[in-house]
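Working through the structure, step by step
In case you want the letters, here they are:
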Amino acid sequence: MSRRNNRKILLLTLITVVLMGVFSVGENALLPSGWNALTGGVFRLSADAAAALSAPSYGELQEENERLRAENSVLREQVADMDALRDENQTLWEYFDLKKLEPSLELKPAFVLQQSALDDFDGFALGAGSALGVKVNDAVVTPEGLVGRVATVDRVSCRVKTLLSPGLKVAVTDSRTQDSGILGGRDGEAVMSRLAEDHHIAVGDLILTAGTGGVYPARLIVGTVRELRTDPYDGAQYAVVEPAADPESVREAAVIIGFSAKGVTNP
Amino acid sequence: MNRRFLRGVLIALELLALYVLENTPRMFPALGGVRPLLLTAAAFSLTSEQVSGATFCGAVCGVLTDLADGSVGVYAVGITVLCYAQSTCLHTSFRRNLPSLWLLSLAALALLCGADALVRLVTDGIWWQRFWLRAGLTYLCVFPLSVLNFRRERHEA
């Protein structure tokens, strides 16, 4: 084939690709909706197969069981000292029974269908889309706690940005001291910044959503403080938070499609 | 004609398998939380095909890579153009052998990563550690895939 023909093919291909780009932008975009509806079943099967393949062996389970027993005894002592809120929250999260705590909460549980290799911050696609009432910016939770926010949505699926993503900001508060701050991703870590100069945050404190922005319900578990650091540029302190829900190992999660204070901002 | 059709079917199956493998959670082992871009590596490994075929394969791989991340964009356009350029070089200026393909793939991947980094810096932000690791892993995947695809082309030609 001549070089001229090749150039024509390149031009035609590029025009097609650009048109596909146009049809893939925005909420409920035609191309991702159609494609994800077409391939959703394949990914459901492959995700199940991958889960079955990565299931631990008997020996590994026994080893893990012994380790967990040792951990359990230590944790029991710690749990006794924790505030009643976490105890209640944890139990409720375990069973996805948040409605008992917050009757206005509307949850849409879904399986993780895809994890794009392009996403540096462990973002994933959930098998719940606008057909189920999911919208951009809805909070996404697992039984362990908040995992992220819906970034894009089509008819059958949505893409979730995790707490590690720099583009995501969450108003949070320390459950023990009530110190507030803004949580966002920085170099692959979840960082709580904009702390008051006289804050009393300590390592191990439980961090919860503040619920002031109207995007996330209040008092969702976000994680625990792993480390306190000082910014070398402005001298301000910030807390590195270990997310309660590990985004890399999420298999299913729930989208909070509604709660009573949604869209209500409290200064 | 039949051989060409069969080759097309085999390539389509290969790309489909790589697409599922690349995007299924926990199916392909991750190193440091990073998985290689198998479709990108496959696109560059297929540039020993005719220029038109390589361009088309590049477009398909790019569109699939972008769709897995949300919407069609940098990878679709970038891989299409780079596959066209690489395949043209392989058919005109370079000897059409594996070392040439590996060398050109390195340059193409560097350009693609550069464009990707620029876009990430102004949109989502970038985690350099993972970014470089993914680029390295992707390039490593070019070797086995190019051996597979190059051999098949020679065998079927």
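Before reading further, recall that the structure is shown in the block above.
The following paragraphs examine the structure supplied in this document. What you see is a predicted model, and the numbers here were worked out from it, not measured in a lab.

Moving on, we come to the sheet that holds strand β8 (residues 189-193) of chain A. Residue and element names in this part refer to chain A. Read around the barrel, 6 strands follow the order β6-β7-β8-β11-β10-β9 and close on themselves; strand pairing throughout is antiparallel. Put simply, the sheet's adjacent strands are angled 45 degrees from each other on average, direction ignored. Bridge count between β8 and strand β11 (residues 237-243): 3 bridges; the pairing is antiparallel. Residue Met-192 lies in a different strand from β11, and its bridge partner there is Ala-239.

This part covers helix α2 (residues 38-45) of chain B. Here α2(B) lies mainly inside the structure; 8 of its 8 residues are buried. Every buried residue of α2(B) is accounted for by Leu38(B), Leu39(B), Thr40(B), Ala41(B), Ala42(B), Ala43(B), Phe44(B) and Ser45(B).

Right, let's get into the packing of helix α1 (residues 2-23) of chain B against helix α3 (residues 51-68) of chain B. Residues and elements named next belong to chain B. Running from N to C, α1 and α3 cross one another at 20 degrees; their axes reach a closest spacing of 11 Å. By the criterion of interaxial angle, the relationship of α1 to α3 is roughly parallel. Once α1 is placed against α3, the crossing between them reads as right-handed. Along its contact with α1, which presents Ile-11, Leu-15, Tyr-19, Glu-22 and Asn-23, the element α3 presents Cys-57, Val-60, Cys-61, Leu-64, Thr-65 and Ala-68. Tallied by class, the residues present in the contact of α1 with α3 amount to 8 nonpolar, 2 polar and 1 charged.

This paragraph deals with the pattern of salt bridges. Residue and element names in this part refer to chain A. Taken as a whole, this structure holds 14 salt bridges over all chains when the rule is applied. Between Glu-71 and Arg-67 there is a salt bridge, and its shortest N-O distance comes to 2.8 Å. In this pair, Glu-71 and Arg-67 are both assigned in helix α3 (residues 58-81), 4 residues apart and thus about one turn of the helix distant. For Glu-71, a relative accessible area of 36% corresponds to the partly exposed category. Among the charged side chains, a salt-bridge network with shared partners connects Glu-189, Arg-226, Glu-227, Arg-229 and Glu-242.

Next up on the list: unusual backbone geometry. All names here are of chain A. Backbone geometry at Asn-137 places phi at a positive 80 degrees, although glycine is not the residue there. Inspection of the secondary structure assignment puts Asn-137 in the loop between β2 (124-126) and β3 (139-142). On the accessibility criterion, Asn-137 (36% relative accessible area) is partly exposed. A positive phi is found at Gln-178, a non-glycine position, where the angle reads about 65 degrees. Tracing the backbone shows Gln-178 in the loop between β6 (169-174) and β7 (180-186).

Right, let's talk about a nonpolar patch on the surface for a bit. On the surface, Leu11(A), Ile15(A), Val18(A), Leu19(A), Val22(A), Phe23(A), Leu30(A), Val77(B) and Val81(B) cluster together to form a nonpolar patch covering roughly 820 Å² of accessible area. Contributions of two or more residues to the nonpolar patch are made by α1 (3-22) of chain A together with α4 (74-92) of chain B. The leading source of residues in the nonpolar patch is α1(A), at 5 residues. Mapped onto the elements of the fold, Ile15(A) is located in helix α1.

Bringing the environment of Trp132(B) into the picture now. Looking at the element boundaries, Trp132(B) is found in helix α6 (residues 128-156). Between the C-alpha atoms of Trp132(B) and Cys113(B), which are 19 residues apart in sequence, the distance is 8.8 Å.

Attention shifts here to the pairing of β3(A). Residue and element names in this part refer to chain A. Of the two faces of β3, both are covered, the one formed by Ala-139 and Val-141 as well as the one formed by Val-140 and Thr-142. Pairing between β3 and strand β4 (residues 145-153): 4 bridges, direction antiparallel. When the bridges of β4 are listed, Thr-142 appears paired with Gly-145. Bridging between β3 and strand β12 (residues 252-258) involves 3 bridges; their strand directions are antiparallel. Within the sheet, the bridge partner assigned to Val-140 lies in β12 and is Val-255.

This part takes up the packing of helix α2 (residues 30-53) of chain A against α1(B). Between α2(A) and α1(B), the least distance of the axes is 11 Å, while the angle of their chain directions is 70 degrees. By the criterion of interaxial angle, the relationship of α2(A) to α1(B) is roughly perpendicular. Our pair here, α2(A) against α1(B), has a crossing hand that is right-handed. Together, Trp35(A), Thr39(A), Val42(A), Phe43(A) and Ser46(A) of α2(A) and Tyr19(B), Val20(B) and Asn23(B) of α1(B) make up the contact between the two elements. Split by residue class, the contact of α2(A) with α1(B) holds 5 nonpolar, 3 polar and no charged.

What counts, and at which threshold
- Residues numbered from 1 in each chain as written.
- Chains lettered and ligands numbered in written order.
- Predicted model: local features only at pLDDT ≥ 70, side-chain atom pairs only at ≥ 80, totals over all residues.
- Heavy atoms only, no water.
- Pairing = 2+ DSSP bridges.
- Helix = DSSP H or I, 4+ residues; strand = E, 2+ residues; numbered from the N terminus.
- Axes fitted to C-alpha atoms, helices over the stretch in contact; angles between N-to-C directions.
- Buried < 20%, exposed > 50% of the residue type's maximum accessible area, 1.4 Å probe, protein only.
- Parallel < 35°, antiparallel > 145°, perpendicular 65-115°, else oblique.
- Left-handed = near helix turned anticlockwise from the far one by under 90°.
- Contact = heavy atoms within 4.5 Å.
- Nonpolar A, V, L, I, M, F, W, Y, C, P; charged D, E, K, R; others polar.
- Salt bridge = Lys/Arg side-chain N within 4 Å of Asp/Glu carboxyl O.
- Patch = residues over 30% accessible without salt bridge, like charges linked within 9 Å, V, L, I, M, F, W, Y side chains within 5 Å.
- Areas by Shrake-Rupley, 256 points an atom, 1.4 Å probe, with all protein chains shown as cover.

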